[in-house]
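# Chains, contacts and geometry: an overview
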Amino acid sequence: MEVKDLIQQLNLTDECNWIEAKRASAIDRSIMETVNSFSNEPGLGGGYLILGVEQEEVSLFPSYILTDLSDTDKLQLDLSSQCASMFNIPIRPEITVEIIDGKKVISVFVPELPDAQKPVYFKNEGLPRGAYRRIGSSDQRCTDDDLFVFFNNDDSLDGSPVQKSSWDDISEEAI
């Protein structure tokens, strides 16, 4: 999606499970938690992080406005470097810079990871503490119960039938 469309969506519905807006003068922990949660949340498909936007609180009807990022190259580099090194597996977001009304803004699409690669977590924290899920418009730290969602996979080899097998293939000694 284009940034204009994302900002319009923010102004209609506020932040939601697939859009997060940040002022973003630097790539901080909060941004990386959002990357983590967009990557992990089952069935979400990923999410958009819009950097260079903030909510204008003083108006009668609060809306999101552009703040104009000063060093978009550094922000992109910091984000891509942290995504590649902070987690147990590298995350490769799609990062674009757009100019809207003369102001620079960064759009980041973070794809959902395949089930076999989940959960992604901060390497220095491990599981479950270093993993996050996207619940509504928030990034929630995983609990032991949340890990069940990631590790209870019915598609494992041990849980699937063996094609063209019969009772004659089973050893009585093994039972």
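Look up a bit, the structure's there.
The sections below set out a description of the structure shown in this document. Since the structure is predicted, the reported quantities are computational estimates derived from the model, not experimental observations.

The rules behind these values
Residues numbered from 1 in each chain as written. Predicted model: local features only at pLDDT ≥ 70, side-chain atom pairs only at ≥ 80, totals over all residues. Heavy atoms only, no water. Disulfide = S-S within 2.5 Å. Buried < 20%, exposed > 50% of the residue type's maximum accessible area, 1.4 Å probe, protein only. Core = buried A, V, L, I, M, F, W, Y, C linked by side-chain atoms within 4.5 Å. Helix = DSSP H or I, 4+ residues; strand = E, 2+ residues; numbered from the N terminus. Contact = heavy atoms within 4.5 Å. Pairing = 2+ DSSP bridges. Right-handed = clockwise from strand over helix to strand, strands pointing away. Expected span 1.5 Å × (residues − 1). Arc of directions from axis to C-beta. Salt bridge = Lys/Arg side-chain N within 4 Å of Asp/Glu carboxyl O.

Throughout the structure, instances matching the rule amount to 0 disulfides. There is no disulfide at cysteine 16, and the cysteine sulfur nearest it, in cysteine 142, is 19 Å away. What makes cysteine 16 buried here is its relative accessible area of 16%.

For the rest of this paragraph, the subject is the nonpolar core. Counting residues in each nonpolar core, the largest one holds 23 residues, and the members touching the most others are Ile31, Met32, Val35, Leu51 and Leu79. Those elements giving two or more residues to this core turn out to be helix H2 (29-40), strand E2 (47-51), helix H3 (72-85) and strand E6 (103-110). The dominant element in this core, judged by the number of residues it contributes, is H2, at 4 residues. Residues contacting leucine 79, with those up to four places away along its chain left out, are Ile27, Ile31, Met32, Val35, Ile95 and Val108. By size, the runner-up hydrophobic cluster in this structure holds 15 residues, among which are Leu6, Ala21, Ile50 and Ile100.

The subject of this paragraph is the pairing of E2. Summarising burial for E2: 5 of the 5 residues are buried, a large majority. Burial along E2 is two-sided: the residues Gly47, Leu49 and Leu51 and Tyr48 and Ile50 are all buried. With 4 bridges connecting them, strand E1 (residues 19-22) and E2 associate as parallel partners. Across the sheet, the residue bridging to glutamate 20 is leucine 49, located in E2. Taking the sense of rotation as the criterion, the β-α-β connection linking E1, H2 and E2 turns out right-handed.

Here we take up H3. Counted at 1.5 Å a residue, the expected span for H3 with its 14 residues is 20 Å, and the 20 Å between its end C-alpha atoms agrees. Along H3, the residues that are buried comprise Thr72, Leu75, Leu79, Gln82 and Cys83. Taken end-on, H3 shows its buried residues confined to a sector of 105°, consistent with a single buried face. With respect to the buried face of H3, the exposed residues turned more than 90 degrees away are Asp73 and Leu77. Elements that come into contact with the buried residues of H3 comprise H2, strand E5 (94-100) and E6.

It is worth spelling out the pattern of salt bridges at this point. Evaluation of the coordinates by the stated rule reveals 12 salt bridges. The closest approach of N and O atoms between glutamate 54 and arginine 23, which form a salt bridge, is 2.6 Å. Remark: arginine 23 occurs in the loop between E1 and H2 and glutamate 54 occurs in strand E3 (residues 53-56); sequence separation between them is 31 residues. Here aspartate 139 makes a salt bridge to arginine 134, at a shortest N to O gap of 2.8 Å. With a relative accessible area of 2%, arginine 134 lands in the buried category. Overlapping salt bridges, with partners in common, bring together Glu20, Lys22, Arg134 and Asp139 in one network.

These values are about where atoms sit, not about what they do.
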